[in-house]
Protein chains: 2
Amino acid sequence: MMAVEYGDDLVLIDAGGKFPEEWERGIDLIIPDIRYVKNRLSKLRGIAITHGHEDHIGALPYVIPQLEGIGKIPVYGSPLAMGFAENKLREARLDEKVELHPMESRERVRLGDLELEFINVTHTIPASFAIAVHTPAGTIINTGDFKFDPTPVMGEPTDEARLRELGDRGVLALFSDTTRVETPGHTPSERVVMETLDRVIRDATGQTLIATFASNISRVFMVLKAAEKYGKKVAVAGRSMEQNVRTALQLGYLDPPEGVLLPLNDLLQLPPQQRVLVVTGSQGEAAAALARIAADEHQKIQIGAGDVVLISATPVPGNEETVSETIDNLFRRGANVVFSSTEGRVHVSGHAARDELQKMLELVRPVHAVPIHGEYRHMALYRNLARSIGIPEDRILMTEIGSIVDFEDGRGAVRGRAPSGSVFVDRLGDFEPGKVRLRTRDDLISEGLVTITIIVDAEDGKLIAGPEFVTKGLSMEALAGPIRQAEQELKRWLERRPEGEPEVGYLVSQAKGITARSLFRKTKQRPMILPMVMEL
Amino acid sequence: MMAVEYGDDLVLIDAGGKFPEEWERGIDLIIPDIRYVKNRLSKLRGIAITHGHEDHIGALPYVIPQLEGIGKIPVYGSPLAMGFAENKLREARLDEKVELHPMESRERVRLGDLELEFINVTHTIPASFAIAVHTPAGTIINTGDFKFDPTPVMGEPTDEARLRELGDRGVLALFSDTTRVETPGHTPSERVVMETLDRVIRDATGQTLIATFASNISRVFMVLKAAEKYGKKVAVAGRSMEQNVRTALQLGYLDPPEGVLLPLNDLLQLPPQQRVLVVTGSQGEAAAALARIAADEHQKIQIGAGDVVLISATPVPGNEETVSETIDNLFRRGANVVFSSTEGRVHVSGHAARDELQKMLELVRPVHAVPIHGEYRHMALYRNLARSIGIPEDRILMTEIGSIVDFEDGRGAVRGRAPSGSVFVDRLGDFEPGKVRLRTRDDLISEGLVTITIIVDAEDGKLIAGPEFVTKGLSMEALAGPIRQAEQELKRWLERRPEGEPEVGYLVSQAKGITARSLFRKTKQRPMILPMVMEL
């Protein structure tokens, strides 16, 4: 998330959510702290979205309720991004709190002294934009997530002509994606994945399962093409993916011939060889379809010998082990698994490699270069790159979360830091449907925090020690009894589980749910619950 | 570790240690459970070592003391592996408990009804062997870790002629490495790393740091060559690496011209540009030289602008995040870092890719193929490979840890399971120098287990919650007071720490040390201590 502010006008760019790391498994989502904006609420003119991925729109349902008091919030972005945002907001019953404005490439909108312009870029989702903000102090560009894909599967290539034009007129600062600066050369076109999808779907003698991100509409598009070619049928499984595909159909991004895309239940009536299933869970997420299928715990989909699973994604750093567990489980069920280590072309990145980052700098020729959206090493390598093409050191601005970049008389500098940090989203689950609680670190202490330590045998899943609860900031009432009762309830559940290799993600979500429900029943309180499951 | 048994004779192949995962951070090392061998101690004729890497010799100091009562244990392996083993055993004052027998390629030794034969293979360490065990029931071959490197940096290529000869005579079973079966084609020669090392050392205008595994003598060899070429000098830092280099010098594996390899203190007198430092810590290990240098906590070595760090290794799965933290820290100090993501040729694997695994099968033409040394998916993919070259399904034996493979009348089958599993090594630290305790899962419960939960702020390192102790199996005496005192002592230490980004590994080791010392002082007891540090 980035705020652009000039005089009395302020615009937010993107509102993304981050998934918690392994150690934070009781947390559902991490979103940015927006105190800076709340303190200037009367200036807020709208939110501009670069594209419809979770890490760019996922925080909307939690950010919008914090912006009460200035009427409906205008939100701008591509039709697809707006469609995905609408799904999220409708589900959270927040669709009445916003005005969604679908924007086309090169379209502009004036918001006070700021004028937003949307410029087409290629990424792994169609209808992705870089956003230029024209201000009286100059133009700044946020690249969003981009690459230069000359042959995108859907939509148009990156709008180099417009970027060059903006460069000709002068750009004060380029805020650039840096995540793939480590990789020399160019990122391959999304089209190379097509060959792999085509071959796997053609050769499958049993069911074909394709796992990818729920928002990856381009992959669904390619799967539909290949299935059509080989007379097979497609269904999607996983609520978020079903919803995204429905939106893409409504907006015309997907337009398969009649009868190729079927409801899941209809597809499962067909002989295995005709079935192609697109499922969520490519990161090994315990709650998603793929992990449940791998553990034979999916309500509808079973997998076995003769089936093939294509994992059309690479593990996000930190997810390697859960992905590896899921793959092992799929092999144990007899399926053949095609994934990034066995086959290079199951996935290509949506981010620009080094030469493309340089190309963007050369098109835009900004006065200032500001690396964003990466680890420190990515920003450091981007600085080296910017320097190597002649941008002076003092015009490359190194920021961190919360940094305020101030431009005055055409010169930018990092000046101070806004209140910022992580806010933890805690969904309250089935006992308070639809409710969420947002907590900062300080809230965790004042509203209560329960950590649960559980140690299980890595082989048979038997309970070795725990569950033991460590609490912080709980009410006297809860400590007087309910907390011990919750511990006992969880202990009973853990001891009664059937033997078998433990699924850590499942244990964590159950431990959280059982404890939360038990505490809530007796105290109406809802501390943050962080289970830590250790396998010995 | 593998045991080969025929009649009254039993030989062990390898005795490796495994480093604990993030969740097991209070554990120093994990070694195999050798109850099966202890129950047949009078049959044990010796231990054969394929090569001198930690995951093949690291358990020796803990296994040897468990084999008391049959005199000195004969250990066989290459001169380098025996040198490394001797270092370990001498340090543990166990060198008198073994007889080390350096073996040459193609050399044989008869041990009762079993005859061992050592066959040269290439890997990332010179003097690596596959081991053939000739038994009255037939010959079995354990490949060890291998690849077919046609141009090894040190030593000879894999001894294809001898492997083919053995194949001609008939091999009952090939027990094969499988870890890299996912990768198609061939693993590149170790020699390709030379170009990168050469260029980095040539171009460095400040200090050059090269981080690699302590046992990677081939890399040290190449660094010495390049430094010599460009008139620079080399020193190694990190106790294990110093020891290994000393051994390699004594045995003649390394033989640099006078004055190229210097003691660390001498090197640090030279101008930065002349210094090349080979350091441990390529996996981001908190206690190793590189992480300490990155955190500016190394006693002798500082790093800064103009220096270059080459990380000549790829992160082992599970270590990605600690490696990434170390790299970020090095960039923060102003150094340039060359690592696997920026530069493909900083490291090559020592393991055979798919075509090489196939080549090994084709040379040996075994009656049975037994995948070992990999995750389930690796073994499943190896099975596919073996099947694809015509080995019938029922002659591909899928094992897990503890599996007993029984050969009778030329036919093998997996029959039952030996007592097996993990044994945790707990080094007792500075209050009981040199002492270690070995514990199985059951011992953890009966001898006592303390988990410590510590939650710190991810940004400034401040204590958010904890330390809270959860104990299992502790004596009444300890519970009566000492455990709370230890908790208070640790709490005080945590609260007094200066602010700064937390180094999880350092917090874990300090939490363990402070708690263990405090408990031991008062109770003389030493439960297993498992600190879990969570960053919010």
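See the structure above.
First, a word on scope: everything that follows refers to the structure included in this document.

About the cut-offs
- Residues numbered from 1 in each chain as written.
- Chains lettered and ligands numbered in written order.
- Predicted model: local features only at pLDDT ≥ 70, side-chain atom pairs only at ≥ 80, totals over all residues.
- Heavy atoms only, no water.
- Helix = DSSP H or I, 4+ residues; strand = E, 2+ residues; numbered from the N terminus.
- Polar contact = N/O pair within 3.5 Å; in protein donor to acceptor, adjacent residues only side chain to side chain.
- Contact = heavy atoms within 4.5 Å.
- Least-squares fit on C-alpha atoms with pLDDT ≥ 70 in both.
- Expected span 1.5 Å × (residues − 1).
- Buried < 20%, exposed > 50% of the residue type's maximum accessible area, 1.4 Å probe, protein only.
- Salt bridge = Lys/Arg side-chain N within 4 Å of Asp/Glu carboxyl O.
- Nonpolar A, V, L, I, M, F, W, Y, C, P; charged D, E, K, R; others polar.
- Pairing = 2+ DSSP bridges.
- Phe/Tyr/Trp six-rings, centres within 6.5 Å; stacked < 30°, edge-to-face > 60°.
- Lys NZ or Arg CZ within 6 Å of the ring centre and 35° of its normal.
- Axes fitted to C-alpha atoms, helices over the stretch in contact; angles between N-to-C directions.

Focus: the side chain of His123(A)
Residues and elements named next belong to chain A.
Here is step 1 of the chain: Positionally, His-123 belongs in the loop between strand E8 (114-121) and strand E9 (128-135).
Here is step 2 of the chain: Here the side chain of His-123 touches His-53 through a polar contact of 3.2 Å, side chain to side chain.
Here is step 3 of the chain: Each residue touching His-123, except ones within four places of it in the same chain, is listed here: His-51, His-53, Ser-128, Asp-145, Phe-146, Gly-350 and His-351.

A look at the relation of the copies chain B and chain A
Here is step 1 of the chain: Relative to chain A, chain B is turned by 180° and slid 0.1 Å along the rotation axis, the superposed coordinates differing by an RMSD of 0.1 Å. What the rotation and shift describe, once combined, is the action of a two-fold rotation axis.
Here is step 2 of the chain: A high fraction, 100%, of the interface residues of chain B reappear at the interface in chain A, so the copies pair face to face through one surface.

Overview of unusual backbone geometry
Here is step 1 of the chain: Backbone torsion omega between Gly466(A) and Pro467(A) reads 0°, so that peptide bond is classified as cis.
Here is step 2 of the chain: Mapped onto the fold, Pro467(A) is located in strand E23 (residues 463-472).
Here is step 3 of the chain: A positive phi angle, near 55°, is found at Asp296(A), a position not held by glycine.
Here is step 4 of the chain: Considering the arrangement of structural elements, one finds Asp296(A) in the loop between helix H10 (289-294) and strand E15 (308-311).
Here is step 5 of the chain: In this model, Asp409(B) sits at a positive phi of 50°, which is unusual for a non-glycine residue.

Side note on helix H4 (residues 79-91) of chain B
Residues and elements named next belong to chain B.
Here is step 1 of the chain: For H4, with 13 residues, the first-to-last C-alpha span of 18 Å sits near the 18 Å given by 1.5 Å per residue.
Here is step 2 of the chain: Turning to H4, its buried residues are Pro-79, Leu-80, Ala-81, Met-82, Gly-83, Phe-84, Ala-85, Asn-87 and Leu-89.
Here is step 3 of the chain: On its buried face, H4 is in contact with helix H2 (54-57), helix H3 (60-63), strand E5 (73-77), strand E6 (98-102), helix H7 (217-229) and helix H8 (239-250).
Here is step 4 of the chain: Within two residues after H4, Arg-93 carries a phi angle of roughly 55°, on the positive side.

A short note on the interface of chain B and chain A
Here is step 1 of the chain: Across the contact, 52 residues belong to chain B and 52 residues belong to chain A.
Here is step 2 of the chain: Across the contact surface, chain B and chain A share two salt bridges.
Here is step 3 of the chain: Its salt-bridge partner being Asp328(A), residue Arg377(B) comes within 3.6 Å of it at the nearest N-O pair.
Here is step 4 of the chain: For the interface between chain B and chain A, the tally reads four residue pairs in polar contact (both at pLDDT 80 or more).
Here is step 5 of the chain: Partitioned by chemical class, the residues of the side of chain B that touches chain A number 23 nonpolar, eleven polar and 18 charged.

Overview of the pairing of strand E10 (residues 138-142) of chain B
All names here are of chain B.
Here is step 1 of the chain: The element E10 is largely enclosed, with a buried count of four among its five residues.
Here is step 2 of the chain: Relative to E10, strand E9 (residues 128-135) runs antiparallel, the two sharing five bridges. Opposite Thr-135, over in E10, you have Gly-138 as the bridge partner.
Here is step 3 of the chain: Connecting E9 to the antiparallel partner E10 that follows it, the hairpin turn spans two residues.
Here is step 4 of the chain: Where E10 meets strand E11 (residues 173-177), three bridges bridge the pair, whose relative direction is parallel. For Ile-140, the partnering residue across the bridge sits in E11 and is Ala-173.

Observations regarding the side chain of Asp9(A)
Residue and element names in this part refer to chain A.
Here is step 1 of the chain: Take Asp-9: it is sitting in strand E2 (residues 9-13).
Here is step 2 of the chain: The exposure class of Asp-9 is buried, given its relative accessible area of 8%.
Here is step 3 of the chain: A distance of 2.6 Å separates a polar atom in the side chain of Asp-9 from a polar atom in the side chain of Arg-45.
Here is step 4 of the chain: Reaching out from Asp-9, the side chain makes a polar contact with the backbone nitrogen of Asp-113 at a distance of 2.7 Å.
Here is step 5 of the chain: Apart from the residues within four sequence positions on either side, Asp-9 is in contact with Val-4, Lys-43, Arg-45, Leu-111, Gly-112, Asp-113 and Leu-114.

Some points on the packing of aromatic side chains
Residues and elements named next belong to chain A.
Here is step 1 of the chain: Inspection of every chain in the model, using the stated rule, returns four aromatic pairs over all chains.
Here is step 2 of the chain: Here Phe-146 and Phe-148 contribute two aromatic rings whose centre-to-centre distance is 5.7 Å and whose plane-to-plane angle is 85°, an arrangement assigned as edge-to-face. Accessibility classification places Phe-146 together with Phe-148 in one group, the buried group.
Here is step 3 of the chain: Positioned above the aromatic ring of Phe-148, the side-chain terminus of Lys-359 is 4.6 Å from the ring centre.

Here's the deal with the sheet that holds strand E22 (residues 449-456) of chain B
All names here are of chain B.
Here is step 1 of the chain: Read from one edge of the open sheet, three strands run E23-E22-E24, paired in mixed fashion. Strands with a single pairing partner mark the edges of an open sheet, and in this sheet they are strand E23 (463-472) and strand E24 (528-535). Between one strand axis and the next, the sheet turns by 15° as a mean value, whatever way the strands run.
Here is step 2 of the chain: Where E22 and E23 come together, seven bridges link them in antiparallel fashion. Bridge pairing in E23 places Thr-453 opposite Glu-468.
Here is step 3 of the chain: Where helix H16 (residues 482-496) meets the sheet, its contacts fall on E22 and E23, and the angle it forms with E23 comes to roughly 155°.
Here is step 4 of the chain: On the sheet, helix H17 (residues 504-523) packs against E22, E23 and E24 and is oriented at approximately 145° with respect to E24.

Structural notes on the pattern of salt bridges
Residues and elements named next belong to chain B.
Here is step 1 of the chain: Applying the stated rule across the entire model yields 63 salt bridges over all chains.
Here is step 2 of the chain: A salt bridge links Lys-491 to Glu-495; the shortest N-O distance between them is 3.9 Å. Of this pair, Lys-491 and Glu-495 both sit in helix H16, separated by four residues, roughly a single helical turn.

Points about the sheet that holds strand E2 (residues 9-13) of chain B
Residue and element names in this part refer to chain B.
Here is step 1 of the chain: Pairing in this open sheet of five strands is mixed, and the strands run E1-E2-E4-E5-E6 from one edge to the other. Edge positions in the sheet fall to strand E1 (2-6) and E6, since each has one partner strand and no second. This sheet shows a mean twist of 25° between the axes of neighbouring strands, independent of strand direction.
Here is step 2 of the chain: As paired strands, E5 and E6 are joined by five bridges and run parallel to one another. Residue pairing in the sheet places Val-75 in a bridge with Leu-100 of E6.
Here is step 3 of the chain: Across the sheet, H4 lies against E5 and E6, angled at about 155° from E6, the strand it touches most.

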